[in-house]
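Listed below, chain by chain, are the residues.
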Amino acid sequence: MPFASLRSLKALPLVNQLPPGPHYGLLAEFATPGELYHACERVRDAGFTRWDAHTPFPVHGLAGAMGLRRSPLPWIVLVMGLLGLTLGFLMQWWVHTVGYPLVISGKPYAAWPAYVPVAFELGVLFAALGAVFGMFALNRLPMHHHPLFRSRVFERVTDDAFFISIESWDPRFDPSATPALLESLGARRVELVES
Amino acid sequence: MTSERDFVALRPEQAAIPPGHSWNRLPVIGLVCALLGVVACAVLGLGNPKQFFFSWLVSYLFFLSLALGALFFVLIQYAVQGGWGIVLRRIGETVFATIPVMAALFLPLLLGLHDLYEWTHADTVEHDLLLQWKAPFLNVPFFLVRALVYFACWSFIALLYYRLSRGQDTTGDPLVSARLRRLAGPSLIVLAVTQTFASIDWIMSLTPHWYSTIFGVYFFSGSFVGFIALLSLTAVAMRRAGLLDTIISAEHLHDVGKLLFAFTAFWAYIAFSQFFLIWYANLPEETVWYKARMEGSWLTLSIILMVGHFVAPFFYLMGRAVKRNGDDAGGGGRLAPHHALRGPVLADHADAPSRRAQPVGAGRGRVRGRRGVLRGGGGLAHAAAGARAAPRPAAPRVARIREHVSHVARATCGVRRATCDVRRATCDVRRATCHVRRALAKARRAARHPVGSAFRRTRAGRAKAGRACRVAVSGVESADSEPGNRAVASSLIRRR
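As the structure is a computational prediction, the values presented were derived from the model and not from experiment. (Residues numbered from 1 in each chain as written. Chains lettered and ligands numbered in written order. Predicted model: local features only at pLDDT ≥ 70, side-chain atom pairs only at ≥ 80, totals over all residues. Heavy atoms only, no water.)

**Description of the overall build of chain B**
Within chain B one finds 23 helices and zero strands. By residue count, 33% of the 496 residues in chain B fall in the buried class. Summarising the internal contacts of chain B: among those between residues at least 6 apart in sequence, 72% fall at separations of at least 24. Here chain B has roughly 29900 Å² of accessible surface; of this, 66% comes from carbon and sulfur atoms. (Helix = DSSP H or I, 4+ residues; strand = E, 2+ residues; numbered from the N terminus. Buried < 20%, exposed > 50% of the residue type's maximum accessible area, 1.4 Å probe, protein only. Contact = heavy atoms within 4.5 Å. Areas by Shrake-Rupley, 256 points an atom, 1.4 Å probe, with all protein chains shown as cover.)

**Here's the deal with the side chain of A:Glu167**
Residue and element names in this part refer to chain A. Note that Glu167 resides in strand 3 (residues 162–167). Here Glu167 occupies a buried position and makes no salt bridge, while the nearest side chain of opposite charge, Arg50, is found at 5.0 Å. One polar contact links Glu167 to Trp169, side chain to side chain, over a distance of 2.6 Å. (Lys, Arg positive; Asp, Glu negative; His and termini not counted. Salt bridge = Lys/Arg side-chain N within 4 Å of Asp/Glu carboxyl O. Polar contact = N/O pair within 3.5 Å; in protein donor to acceptor, adjacent residues only side chain to side chain.)

**So, empty space enclosed by the protein**
Empty pockets left among the atoms are what a rolling probe the size of a water molecule brings to light. Residue and element names in this part refer to chain A. Under the defined criterion, the tally for this structure stands at one cavity of 30 Å³ or more. Here the largest cavity is characterised by a volume of approximately 30 Å³. Every residue lining the largest cavity is listed: Leu27, Ala28, Glu29, Val153, Phe163, Arg189 and Glu191. Where the lining of the largest cavity is concerned, the elements lending two or more residues are strand 1 (23–30) and strand 4 (189–194). Looking at which element gives the most residues to the lining of the largest cavity, the answer is strand 1, with three residues. (1 Å grid on protein atoms, 1.4 Å probe; cavity = no way out; pocket = protein on both sides within 12 Å on 5 of 7 lines; lining within 4 Å. Points joined across faces, edges and corners; volume = space filled by probe spheres on them.)

**Quick look at the sheet that holds strand 1 of chain A**
All names here are of chain A. If you trace the four strands from one edge of the open sheet to the other, you get 2-3-1-4, paired in antiparallel fashion. The sheet terminates laterally at strand 2 (51–54) and strand 4, the two strands that pair on one side only. For this sheet, the mean angle separating the axes of adjacent strands, direction not counted, is 20°. As defined by bridge partners, strand 1 adjoins strand 3 across six bridges and the pair is classed as antiparallel. Within the sheet, the bridge partner assigned to Glu29 lies in strand 3 and is Phe163. Lying on the sheet, helix 2 (residues 33–45) is in contact with strand 1, strand 2 and strand 3; it crosses strand 3 at an angle near 20°. Across the sheet, helix 6 (residues 177–184) touches strand 1, strand 3 and strand 4, and the angle it forms with strand 1 is around 15°. (Pairing = 2+ DSSP bridges. Axes fitted to C-alpha atoms, helices over the stretch in contact; angles between N-to-C directions.)

**Brief notes about the packing of helix 3 (residues 49–79) of chain B against helix 9 (residues 140–171) of chain B**
Residues and elements named next belong to chain B. At a minimum axis distance of 11 Å, the contact between helix 3 and helix 9 shows a crossing angle of 55°. Taken together, the axes of helix 3 and helix 9 lie oblique to each other. For the pair helix 3 and helix 9, the sense of crossing is left-handed. Along the contact surface, helix 3 presents Tyr60, Leu64, Leu68, Leu71, Leu75 and Tyr78, while helix 9 presents Phe151, Trp154, Ile157, Ala158, Tyr161 and Ser165. Split by residue class, the contact of helix 3 with helix 9 holds 11 nonpolar, one polar and no charged. (Parallel < 35°, antiparallel > 145°, perpendicular 65-115°, else oblique. Left-handed = near helix turned anticlockwise from the far one by under 90°. Nonpolar A, V, L, I, M, F, W, Y, C, P; charged D, E, K, R; others polar.)

**Side note on the confidence of the model for chain B**
All names here are of chain B. Confidence in the prediction of chain B, expressed as mean pLDDT, is 79, and 74% of residues score 70 or more. Predicted confidence for residues 1–6 stays below pLDDT 50, and this span has nine contacts to residues more than four positions away or in other chains. When the criterion is pLDDT under 50, residues 330–393 qualifies, and its contacts beyond four places in sequence or with other chains add up to 97 contacts. The ipTM assigned to the predicted complex is 0.75, against a pTM of 0.68. (pLDDT = per-residue confidence, 0-100.)

**Topic: unusual backbone geometry**
Residues other than glycine predominantly adopt negative phi, and peptide bonds predominantly adopt the trans conformation. Residue A:Pro142 is reached from A:Leu141 by a cis peptide bond, and omega for that bond is 0°. Mapped onto the elements of the fold, A:Pro142 is located in the loop between helix 5 (112–138) and strand 3. Phi is positive for B:Gln81, close to 55°, though the residue is something other than glycine. With respect to the helices and strands, the residue B:Gln81 is situated in the loop between helix 3 and helix 4 (86–96). The phi torsion at B:Asn282 lies on the positive side, around 60°, for a residue other than glycine. Tracing the backbone through its elements, the reader meets B:Asn282 in the loop between helix 12 (250–281) and helix 13 (284–293).

**Some remarks on the pattern of salt bridges**
Residues and elements named next belong to chain B. What the rule picks out here adds up to 15 salt bridges over all chains. A salt bridge links Arg90 to Glu93; the shortest N-O distance between them is 2.7 Å. Placement of the pair is Arg90 and Glu93 together in helix 4, with a separation of three residues, close to one helical turn. Owing to a relative accessible area of 1%, Glu93 belongs among the buried residues under this scheme. Here Arg424 makes a salt bridge to Asp421, at a shortest N to O gap of 3.7 Å. Taken together, the residues span about one helical turn, with Arg424 and Asp421 both in helix 20 (residues 396–448) at a distance of three residues.

**Considerations on a positive patch on the surface**
Residues and elements named next belong to chain B. Among the surface-exposed residues, Lys442, Arg445, Lys464, Arg467 and Arg470 lie close enough to one another that they form a single positively charged patch. Every element with two or more residues in the positive patch is listed here: helix 20 and helix 22 (459–481). Sorting elements by how many residues they give to the positive patch places helix 22 first, with three residues. By the element assignment, Lys464 lies in helix 22. (Patch = residues over 30% accessible without salt bridge, like charges linked within 9 Å, V, L, I, M, F, W, Y side chains within 5 Å. Charge placed at Lys NZ, Arg CZ, Asp CG, Glu CD.)

What follows is the structure in structure tokens.
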């Protein structure tokens, strides 16, 4: 069965994107970015870990209010870039000195300035690939559907509404206390989203 | 949509150095430094005028390049209508306002042209074919005229931008910004050309036999990196001194840091491009410049340049915390909440022209209507009970639209059905016409047939011909007599 291996991939934490069980979590709608900002601070302070905020445009400082850690993506990009640079240099060095030594316009075999353009390009290529695929991996993409899209109210997230979603597998998630908390934070509407 | 709160009001006391502030002493400090410099020049330079002129030229070009970098920075901000750079623009304007002073500081070099530039030596040029060939460009009168043109252009642009921008502080006239934006493009072209030629005149012609077509860009990249570094240092110092500290935020420093990082890499790119092509082509008239810089004590200096101008700043400036001058609180920090909740910033976002959708509040009725709908859900109780949220009741407007749509659909259906009818009737008519034609043809064939003519004479033949004629006639009659066909045909005729 060719797809058996693909199915077993789902056991990996990287691909395990959604909470198990009948409910994805709670979706709370807020009227203004200010309300959302302060609600995020309170949700952060309440100790929730598996939750997210959704806005139609970037809200400055929201990452801080959500208590998000810095993304490790820059380090991935740096390591990949340096790897590409090193590989580019080593490849050319090996070809020009060991693999196929050839005198080119009277230069020494190990003429390093000539290696710079290709090494630079490979560094950029690796860094770019690292950035794209690192971003995909960190965001657990590709994901073709998301339970939040079931909510009709959530459609306004690209227009004029601000949302907090708390996933049901959060250790602090409670079917009765969490909606009450969100409501006390000024949510205009709280709704339970099915998986 | 532009309301009063959309403008970030900068009060005069925020934009000026308050009385009693230590920065008020800066002009005095500058004057003292200048006097010390003059004394040092007099003491050290009188004994060795050649060294004095070279030192003056290097120092002069360094500070001039900062002013030119500032001019480029402000012009490009206007040209691209940059928003974030407005709070930093005044620093750039102040830096390039020194250009007329720079023009005066150029005058001492006129005394040292003979010491500085080989191409001014008449006896050398006499025996040098290449310098003779370059003489139409590299001669003292034309050199002076060009310098005059450069300073005229730069001073004109610098004073224009400085005066109008300062005047805007009091008048608040938005048309000034529009005018300066229009002028920014042509000014940038003038600046690019004059700066390129100035670098060729004043630096490249020190080695008049050398060729490098990228040298103007090399000088420009250095000047811009220099100014961005000066800008970030000034901004940090101002924030520390409590000046503009509520206006210039860590976000601005971050942006300046990004520019500094990017143009450090740009400088290295240009510098390496110049070196690489010359090194690879290995032409003597080009390599001579690098040969001198790759030997002896100059090699040390070259390595310091590579490391100090590229490698060290590149890796140092890579991080985020450095660019933000330590203000690195997870994307938020001390200033961010202030930003996030400030009305104008948010209003700005909501009204950003790049957003396709109508901004919040532009269609008041629409938003209000939808809010009412959403409030009426009573979803919270359902959610708390673990049930699925109540389905959203259809808004009256949606229902109206649906009604319209179904009307249109029904009307379309009717039209289609009518078209169908017409087609079917046309078909009937055609089929009938066909029958008639076929019958007539048969009758004609029967009449003309040579055997037929003999056959017709017989009784059976006559009977058969008569039958065929009757069939033809009846076909015509039946086609004509069918009531539907007639009605359709007449209606078609009417319509045509």
